[in-house]
Amino acid sequence: MITCCNIGFNHGCMDEERTALQEITESMGYGHDSYEYSYRSRFFDDCCRWEGVHCSPTNSQVIGIYFYFIKKDSEEQWFPDMSLFSKLKQLQELQLVGNNIGGLDNPEAICELANLQRLDLSINSIEEEVPPCWGNMPSLRTLDLSKNEFRGKLTSILANISKNIEVIDFSHNLFKGFVPFSILANLSNLKHLGLSYNYHLEVETEDPIWHLSFQVQHLLLADCNLNHQSGKGIPRFLSTQYNLQTLDLSSNSLVGNFPTWLFQNVSSVLSLRSNCFVGQFPEQLQSTLSTLDISDNRFDGHLPLHFDLILPQLFEFNASSNQFSGNIPLSVGELKHLERVDLSNNRLSGPVPGGLTQNSPLWYLNLSNNSLEGEPLAINCNMPKLHWLLLHNNHFVGEFPACLSNSLSLRLIDVRHNDLSGTISSLSVLMQLGAFLVGGNQISGHLPKELCEMQKLQFLDFSNNRFSGNIPPCLHKSLVWKNKIQANSWVPIDFTTKGISRLYQGIPVTLMTGIDFSVNTLVGAIPQAIGELSELHSLNLSNNHLTGHIPTSFKELNNLESLDLSHNNLTGHIPPEISQMSTLSRFSVAFNNLRGSIPSSTQFSTFSESDFEGNPELCGEPLQRKCSGNDDDDDGRKENPSEKAEERVFDKPLIFFSFVFISYSLGFWGFLAPLYISAKWRRKYFATIDGWIEHLFYIMYFKLGT
């Protein structure tokens, strides 16, 4: 009863620990006016009730700190003083994940925490060497330093690490040196080991004199120069690891035949990506793998017919960038749990199995860069969870898949460079769509007006098709092109700008935006509203039948880097305001009907003559035609509005010939009508004519004859 009362009426954490925690949170940048401080101050006296702080239920001493991503969006890095944490004497878990930590003050201080079992500093930017004492803290079970910039040699740390350690993760750092696997042989409790993506590290497992004492569950050895001294083979000790759930040997240039035996040893996730394995996919085994990545190797042959029997639990399958040929097995469509498929960059042919896209849980489908034929998707396809669809560079025919209107979560559609025809009709407003790429087909009809409602569009490629009609003036509704709201995509996006096809991936995807309507039959004027797309970086309207003037509103495109208006029927002058666009590095108005002088500016001096050729009435640098004094250049003179209006009217052939016909008719009948109506006028007219004739004969006979 006394113990229960003490627990129930406990007054909170100890004063010393509360003071230390207050200093820690203030060092993170929480001032007295911040929301976080106000939230915490409601329980100011009881730090055990602060967010991210966990205390023992018996003595209210702090035993856990869980600060996850509190400073992830902060511009200022955090440099915590680890001696403050050392004051929390009973601390068992310290997790400072994703807090933009740039370094640690007094990092050795936490070695005083005799009860510390878990130290997790992952997903930060810590640039320093690991104190040797971190490894041999007596109670330590988990040491996770992944995704930082730790440096130094790992051998000294791993050689003295606690024998009780269960989790070691040093992946994604800057460690270097040679690491013989034998220094881990006595870690009998080791369950998780991560050394991946330390590019200057060299890990060697093939030492014949050591014997393992552990059964590891998760082994991450990607891109760490594995076994480069012993022939680049798969570690032999894996054949005796029977509890493996996750194995990642990616990006090590390993050689050998298809390691089919790993299908039996690994129960969940197997990644052999980016190596040099050869051989064919196994036909006669059964595995419980949920994720299999064998991409970027040298595997060939056909995929097995009974794929669903070999890998019945498959959730993700990536066999891209190999040399697989033949058809995609129909049995792939029988995998009920399959959510991600990547078979791109192979030699596959034939149709896409209908079962793969009917009532499918797929959220990622990439079949690009093959020789697939027929309809791109089944007519009755239904993929409500689909986010990413990549079908470019195949031989698909038929119309754009109308069934994609059921996939309202789509973020990327890429069907470029196929033989699709027809129109894009019955398209739903895909509010999450960030990239819509249909270039290089034979699609006709008008540009779909639904584009105006897709407010997250970032890349739009409708080039090299047969689209007609006007450019929708409502494109300015897009939030991404208009404001600084960039969508993020982990999928690389191929987009052509400045005449070069570029692959945007990672952070560049978040910074780039573009519209490409080139090589179509679009008509009419360029909408003034496009000038409102201030976050647009690339605009290509070349090779169409556009008319009218270059909109002066283009001066508002403050981030535009590439503007191509060549091969159209544009008239008028190049607006001088465009010459002030400091971000513009590619500009072309070649082969239009522009006139006047080319604006002179530092920016325009970088463009070549070919960017302005094909405009007979255009003059000035860099063209060879010099401007005369009558040319309308940048001297500040403005045309009379009435003259411009008259010029625009009479420039149209139909109006001009109609005017001539009406004028001739009025003159002709205005002369004959009075003669027909009045006999008196007729007598006077003919008498006058007779008089002129007699006078003419008199001159010819008497004057010239003599």
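Below is a summary of the structure that appears in this document. (Residues numbered from 1 in each chain as written. Predicted model: local features only at pLDDT ≥ 70, side-chain atom pairs only at ≥ 80, totals over all residues. Heavy atoms only, no water.)

Read across the sheet, 3 strands follow the order β39-β41-β42 without closing on themselves; strand pairing throughout is parallel. Lying at the two open borders of the sheet, with one neighbouring strand each, are β39 (571-572) and β42 (617-619). Two strands pair when backbone bridges link them, and β39 and strand β41 (residues 593-597) are joined in this way by 2 bridges, in the parallel orientation. Within the sheet, the bridge partner assigned to T571 lies in β41 and is N593. (Pairing = 2+ DSSP bridges. Helix = DSSP H or I, 4+ residues; strand = E, 2+ residues; numbered from the N terminus.)

Turning to a nonpolar patch on the surface, a few remarks are in order. On the surface, Y68, F69 and I123 cluster together to form a nonpolar patch covering roughly 270 Å² of accessible area. Along the chain, the position of F69 falls in the loop between β2 (62-66) and α4 (82-85). (Patch = residues over 30% accessible without salt bridge, like charges linked within 9 Å, V, L, I, M, F, W, Y side chains within 5 Å. Areas by Shrake-Rupley, 256 points an atom, 1.4 Å probe, with all protein chains shown as cover. Salt bridge = Lys/Arg side-chain N within 4 Å of Asp/Glu carboxyl O.)

Moving on: the packing of aromatic side chains. Summed over all chains, the structure comprises 21 aromatic pairs. Ring geometry for F400 versus F436: centroids 5.7 Å apart, planes at 55°, classification tilted. Here F400, found in the loop between β25 (395-399) and β26 (412-414), pairs with F436, found in strand β28 (residues 435-437); they are 36 residues apart in sequence, far enough to count as distant. One exposure class covers both F400 and F436, and it is buried. (Phe/Tyr/Trp six-rings, centres within 6.5 Å; stacked < 30°, edge-to-face > 60°. Buried < 20%, exposed > 50% of the residue type's maximum accessible area, 1.4 Å probe, protein only.)

Next up on the list: the side chain of E339. Tracing the backbone shows E339 in the loop between β19 (323-327) and β20 (340-342). K385 is the oppositely charged side chain nearest to the buried, salt-bridge-free E339, at an N-O distance of 4.6 Å. Other than its neighbours up to four places away in sequence, E339 contacts F315, P361, L362, W363 and Y364. (Lys, Arg positive; Asp, Glu negative; His and termini not counted. Contact = heavy atoms within 4.5 Å.)

A few words now on the state of the cysteines. All told, the structure shown has 6 disulfides when counted by the stated rule. The disulfide bridge from C13 ends at C47, spanning 1.6 Å between sulfur atoms. Note that C13 is positioned in the loop between α1 (2-8) and α2 (15-27) and C47 in the loop between α3 (35-41) and β1 (53-55), a separation of 34 residues in sequence. If the cysteines joined by disulfides in the protein are listed in sequence order, their pairing comes out as 1-2, 3-4, 5-6, 7-8, 9-10, 11-12. (Disulfide = S-S within 2.5 Å.)

Here we take up the pattern of salt bridges. Across all of its chains, the model carries 9 salt bridges by this definition. Taking the shortest distance from any N to any O, the salt bridge between K498 and E561 comes out at 3.5 Å. One end of the pair, K498, is in the loop between β32 (493-497) and β33 (500-504); the other, E561, is in the loop between β37 (545-547) and β38 (562-564), and 63 residues separate them in sequence. Residue K626 is joined to E621 by a salt bridge in which the shortest nitrogen-to-oxygen separation is 2.8 Å. What emerges from the salt-bridge pattern is a single network uniting D414, R416 and D494.

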